[in-house]
Protein chains: 2
Amino acid sequence: MEYTRPLARLIEYFQKLPSIGPKTAQRLALHILKTDKSEVENFAQAMIEAKSTIKYCSICFNISSVDPCEICSSTSRTKELVCVVAEAKDLIAIEKTNEYQGLYHVLGGLISPIDGIGPEDIKVKELLERVHKDDIKEVILALNPSVEGEATSLYLSKLLKPFGIKVSRIAYGIPLGSELEYTDELTLIRALETRLEM
Amino acid sequence: MEYTRPLARLIEYFQKLPSIGPKTAQRLALHILKTDKSEVENFAQAMIEAKSTIKYCSICFNISSVDPCEICSSTSRTKELVCVVAEAKDLIAIEKTNEYQGLYHVLGGLISPIDGIGPEDIKVKELLERVHKDDIKEVILALNPSVEGEATSLYLSKLLKPFGIKVSRIAYGIPLGSELEYTDELTLIRALETRLEM
């Protein structure tokens with residue numbers, strides 16, 4: 001049996017989303033067909049609206065409805081501390097901890113030569129300008145512990161150190177609540193290498 | 001940090017989809033924000049179009065762009081055999097085997113008192129009418145081996161048997177390629193109970 005063309009097209013679009021395979025895409029599309037027409041229209045409208053009204057903070061490049069964003073314009077935050085993240089979702093994850101009180105800088109990606117993403121494709125220049133212009137004392141690199149994350153961290157720390165500021169990166173190691181026994185070898189090696197004196 | 005309202009709304013809509021939790025919904029919504037505007041509009045359009053152009057076969061209730069559907073109007077298929085499935089996706093799964101040559105009947109759900117779904121909410125009456133009117137010799141029940149699936153199978157078989165036709169259900173047992181050792185107990189019990197003489 002062939003899908004009808006509109007259904008096949010919808011499945012295709014769902015499949016383009018991250019972590020959605022062909023089976024899930026089919027299930028989601030069939031779910032849309034079973035959903036009330038008005039609900040489907042609202043969903044489609046929400047998608048267009050989110051995309052068309054999306055704004056980015058001109059300072060830190062976080063998603064925001066105002067410019068500068070709430071974080072950059074907050075008076076209660078430490079302006080001397082800037083946490084560099086790859087994507088807005090990483091910023092959201094850190095904000096959820098309610099612990100960090102500094103500012104952010106969203107790169108909008110990581111350096112990845114294999115995907116053709118160089119330093120000029122992410123907000124590196126803008127970060128250097130902030131460090132140059134503003135009174136920043138420390139830059140915390142909070143990038144994923146992947147090949148691209150590590151390469152980007154290394155690249156940024158080399159560029160940032162000449163400014164005479166502190167450059168740090170978040171700790172990689174055994175996650176809290178997990179067990180040594182089940183920790184993968186690379187994480188264990190990292191945790192041993194970056195051990196702290198007590 | 002709060003999401004902007006349009007983004008929060010889009011996350012909500014993604015979260016209503018089956019098997020999409022809050023984290024995935026956030027990732028999908030953020031992906032939409034990073035996607036080209038025209039691509040997002042096409043996706044939204046595809047959703048509305050699939051929903052508005054969707055048609056169901058008036059005989060078997062399969063998704064179809066023509067009525068009756070290709071399967072019901074096919075001259076090469078055995079009209080005496082009707083396979084009853086819960087949803088169009090189950091029909092698609094069976095069609096992909098390229099083995100079954102009979103017709104289908106898509107119930108549009110399973111009887112589930114806990115969700116308030118009774119026999120009148122799915123296409124039971126229409127199945128009985130087909131059996132009454134058409135020259136059907138066998139009805140194969142191909143419903144999921146869940147509580148609802150089994151209850152619906154039992155209910156249907158009681159209603160169908162008085163018509164003097166054969167009523168069968170697909171076999172539940174050890175899936176091919178799997179190992180006995182890793183098969184769950186309920187499946188093993190079922191496989192033993194429904195053993196076949198060799």
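A. Region of interest: the relation of the copies chain A and chain B. For the match of chain A to chain B, the screw axis carries a shift of 0.0 Å, the RMSD comes to 0.1 Å, and the turn is 180 degrees. These values place the two chain copies in the arrangement generated by a two-fold rotation axis. Of every C-alpha in chain A, the one belonging to Ala44 of chain A sits nearest the axis of rotation, 2.2 Å from it. Of the residues that chain A buries at the interface, 100% are likewise interface residues in chain B, meaning the two copies contact each other through the same surface.

B. The arrangement of the interface of chain A and chain B in detail. Every contact between the two is made by 54 residues of chain A and, on the other side, 54 residues of chain B. Together chain A and chain B conceal approximately 5,200 Å² of surface at their shared face, both sides included; 71% is due to carbon and sulfur atoms. Our count for the chain A to chain B interface comes out at six salt bridges. The shortest N-O distance in the salt bridge between Glu87 of chain B and Lys34 of chain A comes to 2.9 Å. Within the residue set of the side of chain A that touches chain B, elements represented by two or more residues are α1 (5–15), α2 (22–34), α3 (37–53) and α5 (88–95) of chain A. With 15 residues, α3 of chain A is the single largest residue contributor to the side of chain A that touches chain B. In terms of residue class, the side of chain A that touches chain B is made up of 27 nonpolar, 13 polar and 14 charged.

C. How the structure looks around the pattern of salt bridges. The final tally for this structure, using the stated rule, is eleven salt bridges over all chains. For Glu49 of chain A, the salt bridge goes to Arg9 of chain B, with nearest N and O atoms at 3.2 Å. One end of the pair, Glu49 of chain A, is in helix α3; the other, Arg9 of chain B, is in helix α1 (residues 5–15), on a second chain. Given the relative accessible area of 28%, Glu49 of chain A is considered partly exposed. Linking Arg77 of chain B and Glu95 of chain B is a salt bridge whose minimum nitrogen-to-oxygen distance equals 2.6 Å. Of this pair, Arg77 of chain B sits in the loop between α4 (70–73) and β1 (81–85) while Glu95 of chain B sits in helix α5 (residues 88–95), placing them 18 residues apart in sequence.

D. Geometry of the packing of aromatic side chains. Throughout the structure, instances matching the rule amount to six aromatic pairs over all chains. For the ring pair Phe14 of chain A and Phe43 of chain B, a centre distance of 5.2 Å and an interplane angle of 85 degrees mean the geometry is edge-to-face. Separated into two different chains, Phe14 of chain A in helix α1 and Phe43 of chain B in helix α3 (residues 37–53) make up a pair that spans both. The exposure class assigned to Phe14 of chain A is buried, which follows from its relative accessible area of 0%. In textbook terms, an aromatic cluster arises when at least three aromatic residues are bridged by ring pairs, as seen for Tyr13 and Phe14 of chain A together with Phe43 of chain B. Over the face of the ring belonging to Phe61 of chain B we find Lys123 of chain B, whose NZ or CZ atom lies 4.6 Å from the ring centre.

The rules behind each value
Each chain has its residues counted from 1, running along the sequence as written. To label them, take the chains in the order written and letter them from A, then take the ligands in the order written and number them from 1. Totals for whole chains, interfaces and linings use every residue, but because this is a predicted model, local features are given only for residues with pLDDT of at least 70 and side-chain atom pairs only at 80 or more, for both listing and counting. No hydrogens and no water enter the side-chain calculation; it runs on all heavy atoms of the structure. Here the copies are matched by least squares. The fit uses the C-alpha atoms of residues with pLDDT of at least 70 in both. Any two residues whose heavy atoms approach within 4.5 Å at even a single point are treated as in contact. The term buried area refers to how much accessible surface (probe radius 1.4 Å) is lost by two components on association, counted for both of them together. By definition here, a salt bridge exists when the distance from a side-chain nitrogen of Lys or Arg to a carboxyl oxygen of Asp or Glu is within 4 Å. By definition, any uninterrupted DSSP run of H or I lasting at least four residues is a helix, any uninterrupted run of E lasting at least two residues is a strand, and each is numbered from the N terminus. As a working rule, the residues Ala, Val, Leu, Ile, Met, Phe, Trp, Tyr, Cys and Pro are called nonpolar, Asp, Glu, Lys and Arg charged, and the rest polar, with Gly in that last group. Note on classification: 1.4 Å probe, protein chains only; a residue is buried when its accessible area is under 20% of the maximum for its type, exposed when over 50%, partly exposed between these limits. Ring geometry is summarised as follows: Phe, Tyr and Trp rings, the Trp one being its six-membered ring, pair when their centres sit within 6.5 Å, and such pairs are stacked at plane angles under 30 degrees, edge-to-face over 60 and tilted between the two. In this analysis the charged atom, NZ for Lys or CZ for Arg, is taken to sit over a ring once it is within 6 Å of the ring centre and within 35 degrees of the ring normal.

Just distances and angles here, no functional claims.
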